[in-house]
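Here's the letter readout for the chains.
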Amino acid sequence: MSGLTLKFTSLLIRTVAKPISNSIKAQAKEHEHFRRNCIRFAQMMHHADLKMRMNLLGEKKIKIRPLNDNKAIEKGANFLSEMFVFSVAGSLIFYESYRSRKKTNLEKSNVQDDITFLQDEIVALQQELEDVKSKLANKPADASGK
């Protein structure tokens, strides 16, 4: 697959991932099990976020009120849908990196094979040259000089 084709495919996949992301948001509002998971996840994120902010501001003991269910569903669904888009984009980046590394390794291997072949040719030609030299050195000199 050429680089240009890979870029277009990557763009297409990212474009398709956005409607899937919106579908995840809609599913979070419609299905009870998914809704509960979104609420639980959003509450954990909210708790960690507020705790981290308050620690940065120097507040140690604070009471964190939970989000209401509608906000929690919205935040959880947004996070999950964004995480989906991010994971698709990240996967594409890893694939491109893997493909590039594989292509580079193949080129290095081909160059190494060419170098090995040429070195073997040089050794064979040197041996042939030595054989010709030894034959010329061992050839009896012509008595007439012709």
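Residues numbered from 1 in each chain as written. Predicted model: local features only at pLDDT ≥ 70, side-chain atom pairs only at ≥ 80, totals over all residues. Heavy atoms only, no water.

## A look at the overall build of the chain
And step 1. Each helix and strand counted, the chain has three helices and zero strands in total.
And step 2. In the chain, the order of α-helices and β-strands from amino to carboxyl end is α-α-α.
And step 3. In terms of overall dimensions, the chain is more spread out than a globule: its C-alpha atoms have a radius of gyration of 35 Å, far above the 15 Å expected for 146 residues.
And step 4. Summarising its shape, the C-alpha atoms of the chain cover approximately 115 × 40 × 25 Å along the three principal directions.
And step 5. Sorting the 146 residues of the chain into buried and exposed places 15% on the buried side. (Helix = DSSP H or I, 4+ residues; strand = E, 2+ residues; numbered from the N terminus. Rg over C-alpha atoms; globule rule 2.2 N^0.38 Å. Buried < 20%, exposed > 50% of the residue type's maximum accessible area, 1.4 Å probe, protein only.)

## Description of the nonpolar core
And step 1. In this structure, Ala28, Cys38, Ile39, Ala42, Leu67, Ala72, Ile73 and Ala77 together form the largest nonpolar core, which totals eight residues.
And step 2. Looking at this core, the elements with two or more residues in it are α2 (32–57) and α3 (69–138).
And step 3. Those residues within four positions of Ala77 in sequence are excluded, and the remaining contacts are Lys25, Ala28 and Cys38. (Core = buried A, V, L, I, M, F, W, Y, C linked by side-chain atoms within 4.5 Å. Contact = heavy atoms within 4.5 Å.)

## Points about α3
And step 1. With 70 residues, α3 should cover 104 Å at 1.5 Å per step; its first-to-last C-alpha distance of 101 Å lies within 8% of that length.
And step 2. Considered for burial, the residues of α3 that qualify are Ala72, Ile73, Gly76, Ala77, Ser81, Val88, Ala89, Gly90 and Leu92.
And step 3. The N-cap residue of α3 is Asn68: its side-chain oxygen and the backbone nitrogen of Asn70 are 3.2 Å apart. (Expected span 1.5 Å × (residues − 1). Polar contact = N/O pair within 3.5 Å; in protein donor to acceptor, adjacent residues only side chain to side chain.)

## A closer look at α2
And step 1. An ideal rise of 1.5 Å per residue puts 38 Å on 26 residues; α2 measures up with 37 Å between its terminal C-alpha atoms.
And step 2. Every buried residue of α2 is accounted for by Cys38, Ile39, Ala42, Gln43 and His46.
And step 3. Just downstream of α2 lies Gly58, where phi reads positive at about 95 degrees.

## Comments concerning the environment of Thr9
And step 1. Mapped onto the elements, Thr9 comes out in helix α1 (residues 3–30).
And step 2. Distance in space between the C-alpha atoms of Thr9 and Leu92 is 9.5 Å, their sequence separation being 83 residues.

## Side note on the side chain of His46
And step 1. Mapped onto the elements, His46 comes out in helix α2.
And step 2. Those residues in contact with His46, other than ones at most four positions away along the chain, are Ile64, Arg65, Pro66 and Leu67.

## Observations regarding the UniProt feature "coiled-coil region" (unreviewed entry) in the chain
And step 1. UniProt annotation of "coiled-coil region" (unreviewed entry) refers to residues 101–135 when read in the numbering used here.
And step 2. Annotated as 100% helix and 0% strand, the span residues 101–135 places its first and last C-alpha atoms 51 Å apart. (UniProt positions renumbered as here; feature names shortened; annotations may be inferred.)

## Overview of a nonpolar patch on the surface
And step 1. A contiguous nonpolar patch, built from Leu4, Phe8 and Leu11 and spanning about 350 Å² of accessible area, is present on the exposed surface.
And step 2. For Leu4, the location among the structural elements is in helix α1. (Patch = residues over 30% accessible without salt bridge, like charges linked within 9 Å, V, L, I, M, F, W, Y side chains within 5 Å. Areas by Shrake-Rupley, 256 points an atom, 1.4 Å probe, with all protein chains shown as cover. Salt bridge = Lys/Arg side-chain N within 4 Å of Asp/Glu carboxyl O.)

## Quick look at the packing of α2 against α3
And step 1. Relative to each other, α2 and α3 sit at 90 degrees, their axes nearing to 7 Å. Classified by the angle their axes make, α2 and α3 are roughly perpendicular. Between α2 and α3, the residues in contact are Phe34, Arg35, Cys38, Ile39, Phe41, Ala42, Gln43 and Met45 and Asp69, Ala72, Ile73, Lys75, Gly76, Ala77, Phe79 and Leu80, respectively.
And step 2. Of the residues contributing to the contact of α2 with α3, the split by class is 11 nonpolar, two polar and three charged. (Axes fitted to C-alpha atoms, helices over the stretch in contact; angles between N-to-C directions. Parallel < 35°, antiparallel > 145°, perpendicular 65-115°, else oblique. Nonpolar A, V, L, I, M, F, W, Y, C, P; charged D, E, K, R; others polar.)

## Points about the confidence of the model for the chain
And step 1. Summary statistics for the chain give a mean pLDDT of 84 and a share of 94% for residues scoring 70 or more.
And step 2. Across the chain, element-level confidence peaks in α3 with a mean pLDDT of 90 and bottoms out in α1 with 78. (pLDDT = per-residue confidence, 0-100.)

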